[in-house]
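Chain by chain, the residues:
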Amino acid sequence: MSQHHVPPTPNNFHTWFKYSLGTSLDLKRAIDILIGNKRKFDTSTNRDLFAMYVRADTGDDTDVNNVSNHLHSVMASAKQYLNVAIADNRSQMMALGDLAERSDVGVDPAPLVENLLNELAKAVNRAAKLEARFAESTRELDAIRDSLSKSEERAKTDTLTDLPNRRALEEFFRKAQIAAMEKGEPLSVLLIDIDHFKKINDTFGHGVGDQVLRLMANVLRERLREYDLPARYGGEELIAVLPGADLATCAAVAERIRRLISECRITRRSTKELLPSITISIGVGQFQLGESMADLIERCDRALYLAKRNGRNQVVTEHELDRELAAD
């Protein structure tokens, strides 16, 4: 941490301790790549590393706590089953030992055989009960696993649009960032804002605003590739991460989405009223080696703001930001 000028905060200590242990291969690979590319571990980078690779593994969400309590209960029951089984086995061994001693002193073998069969029957019965209990525990563990999977999915999904949320976006971007640096491939992002969204809500109600957002989400799902990630960034802003796409390709995708949205017509469900056309503004940027997601999105946001300033309903790339700066 000292060598790379990482501030000695509790979160940073947690991140680098985990890195030194090597328990998270993704974290180790991410930091090694950042070091290899001589990336500065600034506040944003340190925050992203902690959020992605440490806090995500140690979160204290209610669902996780409930599952943890359930898991402890199942494990305690399993431990109890084992203790009972061990005690029963000891009793059985003692009983069998007693039978063996009696057989050595010339006792009538008929009762010995009968007792032996009884002990074996008890052993079979105990084994069957233990197997049933462990089968029940296995089913409970399967249910816990499903619950964890569903909880994780809910934690990464926006409830209104069913798109991935910020948490899922950060996780996806980090992996896409590492892949882009390893393979030397482009990585681009488009940031979408619905024009005059506040006016839509004020005029037609938030129900219509929600309908517009769901329409946007459906368009993104349909128009992006399977391995791209559309997500809700916040409010009326949506975002898409396109691995392997350069700036020109991403801008072309953004333009197709913009045009399709402008051609859509929304009918108000309650009155069947046809609403005015919806338009969007889009800012597009391409990942630069070693930069954080926050840096890239900030550049897309400035391009988006330029699109708004130039009249909305258009796509603006980071290159146009450069041209504007040159003109100034």
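Above this text is the structure in question.
**A closer look at the pairing of strand β2 (residues 229-234)**
So, point 1. Most of β2 sits out of view: five of its six residues are buried.
So, point 2. In terms of strand pairing, β2 meets strand β3 (residues 237-243) through five bridges, oriented antiparallel. Within β3, the residue paired with A231 across the bridge is I239.
So, point 3. What sits between the antiparallel neighbours β2 and β3 is a turn of two residues, in which G235 has the positive phi angle 60°.

**A look at the environment of G283**
So, point 1. By secondary structure assignment, the location of G283 is in strand β4 (residues 280-286).
So, point 2. Judged by its relative accessible area of 0%, G283 falls in the buried class.
So, point 3. Through-space distance from the C-alpha of G283 to that of I297 is 9.1 Å; in sequence the pair is 14 residues apart.

**Examining helix α7 (residues 197-204)**
So, point 1. If you check which residues of α7 are buried, you get F197, I200, N201 and F204. End-on, the buried residues of α7 take up no more than an arc of 100°, which puts them together on one face. Residues K198, K199 and D202 are exposed on α7 and point more than 90 degrees away from its buried face.
So, point 2. Where α7 is buried, its residues meet β1 (187-194) and α8 (206-223).
So, point 3. G205 sits one or two positions beyond α7 and adopts a positive phi of about 100°.

**Things to note about the pattern of salt bridges**
So, point 1. Scanning the entire structure with this criterion turns up 13 salt bridges.
So, point 2. Between R232 and D158 there is a salt bridge, with its nearest N and O atoms 3.3 Å apart. Of this pair, R232 sits in strand β2 while D158 sits in the loop between α5 (109-155) and α6 (166-183), placing them 74 residues apart in sequence.
So, point 3. Assessed through its relative accessible area of 13%, D158 is described here as buried.
So, point 4. The residue K308 makes a salt bridge to D193 at a minimum N-O spacing of 2.5 Å. With K308 in helix α10 (residues 293-309) and D193 in strand β1, this residue pair connects regions lying 115 residues apart in the sequence.

**A few points about the side chain of Q177**
So, point 1. Looking at the element boundaries, Q177 is found in helix α6.
So, point 2. By relative accessible area, which is 1% here, Q177 ends up buried.
So, point 3. Separated by 2.5 Å, the side chain of Q177 and the backbone oxygen of E291 make a polar contact.
So, point 4. Apart from residues no more than four positions distant in its own chain, Q177 is found in contact with L187, F287, E291 and S292.

**Concerning the sheet that holds strand β5 (residues 315-317)**
Paired through their backbone hydrogen bonds, the strands of a sheet run either parallel or antiparallel.
So, point 1. One open sheet accounts for five strands, arranged β2-β3-β1-β4-β5; its pairing is mixed. Sheet topology places β2 and β5 at the edges, where each strand pairs with a single neighbour. Going across the sheet, the axis of each strand differs from the next one's by a mean of 20°, ignoring polarity.
So, point 2. The pairing of β1 with β3 spans seven bridges and is classified as antiparallel. For L190, the partnering residue across the bridge sits in β3 and is A240.

**Observations regarding the packing of aromatic side chains**
So, point 1. Per the counting criterion, the structure on display carries three aromatic pairs.
So, point 2. Ring plane angle 70° and centroid distance 5.3 Å describe the contact between W16 and F41, whose orientation is recorded as edge-to-face. Of the two residues, W16 is situated in helix α1 (residues 10-21) and F41 in the loop between α2 (25-36) and α3 (43-53); the sequence distance between them amounts to 25 residues.
So, point 3. Judged by its relative accessible area of 6%, F41 is buried.
So, point 4. One aromatic cluster is present, built from ring pairs that chain together W16, Y19 and F41.
So, point 5. Across the ring face of Y233, the terminal group of R166 is positioned such that the distance to the ring centre comes to 4.2 Å.

**Examining the packing of α3 against α6**
How two helices sit against one another is set out by the angle between their axes and by the gap between those axes.
So, point 1. Here α3 crosses α6 at 110°, and the two axes come no closer than 10 Å. Relative to α6, α3 is oriented roughly perpendicular. Crossing geometry of α3 relative to α6 is assigned as left-handed. Residues T45, D48, L49, A51, M52 and Y53 of α3 touch α6, and the partners they reach there are E170, E171, R174 and I178.
So, point 2. Among the residues forming the contact of α3 with α6, the class breakdown is five nonpolar, one polar and four charged.

**Considerations on α8**
So, point 1. When the terminal C-alpha atoms of α8 are compared, their 26 Å separation across 18 residues agrees well with the 26 Å that a helix rising 1.5 Å per residue should span.
So, point 2. For α8, the set of buried residues is V208, G209, Q211, V212, L213, M216, A217, V219 and L220.
So, point 3. Where α8 is buried, its residues meet β1, α7, β2, β3, α9 (247-263) and β4.

Parameters at a glance
Residues numbered from 1 in each chain as written. Predicted model: local features only at pLDDT ≥ 70, side-chain atom pairs only at ≥ 80, totals over all residues. Heavy atoms only, no water. Buried < 20%, exposed > 50% of the residue type's maximum accessible area, 1.4 Å probe, protein only. Helix = DSSP H or I, 4+ residues; strand = E, 2+ residues; numbered from the N terminus. Pairing = 2+ DSSP bridges. Arc of directions from axis to C-beta. Contact = heavy atoms within 4.5 Å. Salt bridge = Lys/Arg side-chain N within 4 Å of Asp/Glu carboxyl O. Polar contact = N/O pair within 3.5 Å; in protein donor to acceptor, adjacent residues only side chain to side chain. Axes fitted to C-alpha atoms, helices over the stretch in contact; angles between N-to-C directions. Phe/Tyr/Trp six-rings, centres within 6.5 Å; stacked < 30°, edge-to-face > 60°. Lys NZ or Arg CZ within 6 Å of the ring centre and 35° of its normal. Parallel < 35°, antiparallel > 145°, perpendicular 65-115°, else oblique. Left-handed = near helix turned anticlockwise from the far one by under 90°. Nonpolar A, V, L, I, M, F, W, Y, C, P; charged D, E, K, R; others polar. Expected span 1.5 Å × (residues − 1).

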